[in-house]
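Tertiary structure, described
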Amino acid sequence: MTIRNPRLRCPPRSGVGSLGTMLQSAVPPAVLPQANEACWCGSGRKYKRCHKPLEGKVLPGVISPTLTVPEHIERPPYADTGIVQRWAEDRVKSPEVIERMRHAGAVAAEILRLAGDLCQPGVTTDEIDKAVHQMYIDRGAYPSTLNYHGYRKSLCTSVNEVICHGIPDSRPLQDGDIVNLDVTAYIGGVHGDSNATFFVGDVDPASRDLVRVTEECMWHGIEAVVPGRPFSDIGRAIEAHAKKHRYGVVKAFVGHGIGQQFHTDLQILHYYDPRSSALMRPGMTFTIEPMITLGSPQHRTWDDGWTAVTTDGKRTAQFEHTVLVTDDGVEVLTAPGAVSPSAPWHR
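The rules behind these values
Note on numbering: residues in each chain are counted from 1, in written sequence order. For a predicted model such as this one, the threshold for reporting local features is a pLDDT of at least 70, and the threshold for listing and counting side-chain atom pairs is 80 or more; totals across whole chains, interfaces and linings nevertheless cover every residue. Values shown for side chains rest on all heavy atoms present in the structure; no hydrogens or waters enter the calculation. When DSSP finds at least two bridges between two strands, those strands are taken to pair. The secondary structure listing takes helices from DSSP runs of H or I that are at least 4 residues long and strands from runs of E that are at least 2 residues long, numbered from the N terminus. Geometry is summarised by axes, namely lines fitted to C-alpha atoms with helices restricted to the contacting stretch, and by angles between N-to-C directions that run from 0 to 180 degrees. When checking whether two residues touch, look at their non-hydrogen atoms; a contact exists if any pair is within 4.5 Å. The term salt bridge refers to a pairing of a side-chain nitrogen on Lys or Arg with a carboxyl oxygen on Asp or Glu at a separation within 4 Å. Residue burial is assigned from relative accessible area. The probe radius is 1.4 Å, only protein chains are included, and a residue is buried under 20% of its type maximum, exposed over 50%, and partly exposed in between. For Phe, Tyr and Trp, where Trp contributes only its six-membered ring, two rings pair if their centres lie within 6.5 Å, and the inter-plane angle classes them as stacked under 30 degrees, edge-to-face over 60, or tilted in between. Any Lys NZ or Arg CZ found within 6 Å of a ring centre and within 35 degrees of that ring's normal is scored as a charge over the ring.

1. Considering the sheet that holds strand β16 (residues 330-332)
- The three strands lie next to each other as β10-β15-β16, forming an open sheet whose pairing is antiparallel. Two strands in the sheet have a free side with no partner beyond their single neighbour: β10 (285-288) and β16. Between one strand and the next, the sheet's axes are offset by a mean angle of 35°, whatever the strand orientation.
- Examined bridge by bridge, strand β15 (residues 321-325) and β16 share three bridges and lie antiparallel to one another. The partner of Val323 across the bridge, within β16, is Val332.
- Its contacts with the sheet place helix α4 (residues 205-223) against β10, β15 and β16, and it is angled at close to 15° to β15.

So, in structure tokens, the structure goes:
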């Protein structure tokens, strides 16, 4: 799960409002009206002013009740209250914490891979959430997103133009969709965080290229992790590869430090900024999770306060790994058994 970039001023929230709710509960006719004709919904407005801008867009569905986690499973401090209390966690982790993070990373990687198999036409993201929730429980893990700042589900499901933090709901996946699943496991007192973008049925070539390049961007960022080098190297590598393909890089959400806390004070930019000059040191753990867009990298947020979508409605993709800075490079803690186990050019 990403966090907001504190260096950027985020625009005010603007959701789909009542029109989105209306369209979700009403079925449009087989033959749609012309732009200047009355909208099919009976609102009395012209089609172009009413439902036409929303056709083909991802809209909110019904969110089911929050699932529970058995009492015997260790839970993070915010699990019961939704209140996140931050503390000054060491950026450099001890060998014992790192070993626990390896296990948490492997659990997250396995759940993400299995969740990806569920991304089929007709399956709702709520059904994926229920299945993933049980996967956590079966492995003795707590879903880190659940009640984090009040978030109601056990993973994030971001479809098509949704950049991140999509809430699982009753919308069925459709043939041709792309969907990002973001999974974080809390086990052994630490978090492991990973995500990937999956194809649903027959996906168009432009979307396939976007997903491919996004995965490559993540690995370019990972390969830029070198002890003694500034964090800005990561963003430089990601941005250079995205720009080569004329894609946008989302700046409003960034990677983060991770360990005993879901998000620590480290901010990992996915674009070059010379101010990101802190040096990487062995033992540091953080996520690299670029969000790459076909069009504008600007976002707006739905009324739910979580779902971020591209302002132009064009598609976006994301990949994420949790990494460890080592004495001579990088170890990917969420790589074992992962959807993206290594850089494509090394497979």
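2. Some details on the pattern of salt bridges
- Inspection of the entire model under this criterion finds 17 salt bridges.
- The closest approach of N and O atoms between Arg229 and Asp233, which form a salt bridge, is 2.7 Å.
- Relative accessible area serves as the criterion here: at 41%, Arg229 is assigned to the partly exposed category.

3. Overview of the side chain of Glu216
- Within the secondary structure, Glu216 is located in helix α4.
- We classify Glu216 as buried; its relative accessible area is 12%.
- Residues in contact with Glu216, not counting those within four places in the same chain, are His241, His245, Pro344 and Trp345.

4. What about the packing of aromatic side chains?
- Tallied over the entire structure, the rule returns four aromatic pairs.
- Between Tyr151 and Trp306, the ring centres sit 5.1 Å apart and the planes meet at 80°, which makes this aromatic pair edge-to-face. You can see Tyr151 sitting in the loop between β2 (142-143) and β3 (156-159) and its partner Trp306 sitting in the loop between β12 (299-301) and β13 (308-310), a full 155 residues away along the chain.
- Relative accessible area serves as the criterion here: at 1%, Tyr151 is assigned to the buried category.
- Centroid distance Phe231 to Phe286: 5.3 Å. Interplanar angle 70°. Geometry classified as edge-to-face. Taken together, the residues Phe231 in the loop between α4 and α5 (232-244) and Phe286 in strand β10 connect sequence positions 55 residues apart.
- When its relative accessible area of 4% is taken as the criterion, Phe231 is described as buried.
- Taken together, the aromatic side chains of Tyr78, Tyr148 and Phe262 make up a single cluster linked through ring pairs.
- Above the ring of Phe199, the side-chain terminus of Arg208 is found at 4.3 Å from the ring centroid.
- Looking at Lys251, its charged tip hangs above the ring of Tyr271, at a distance of 4.8 Å from the centre.

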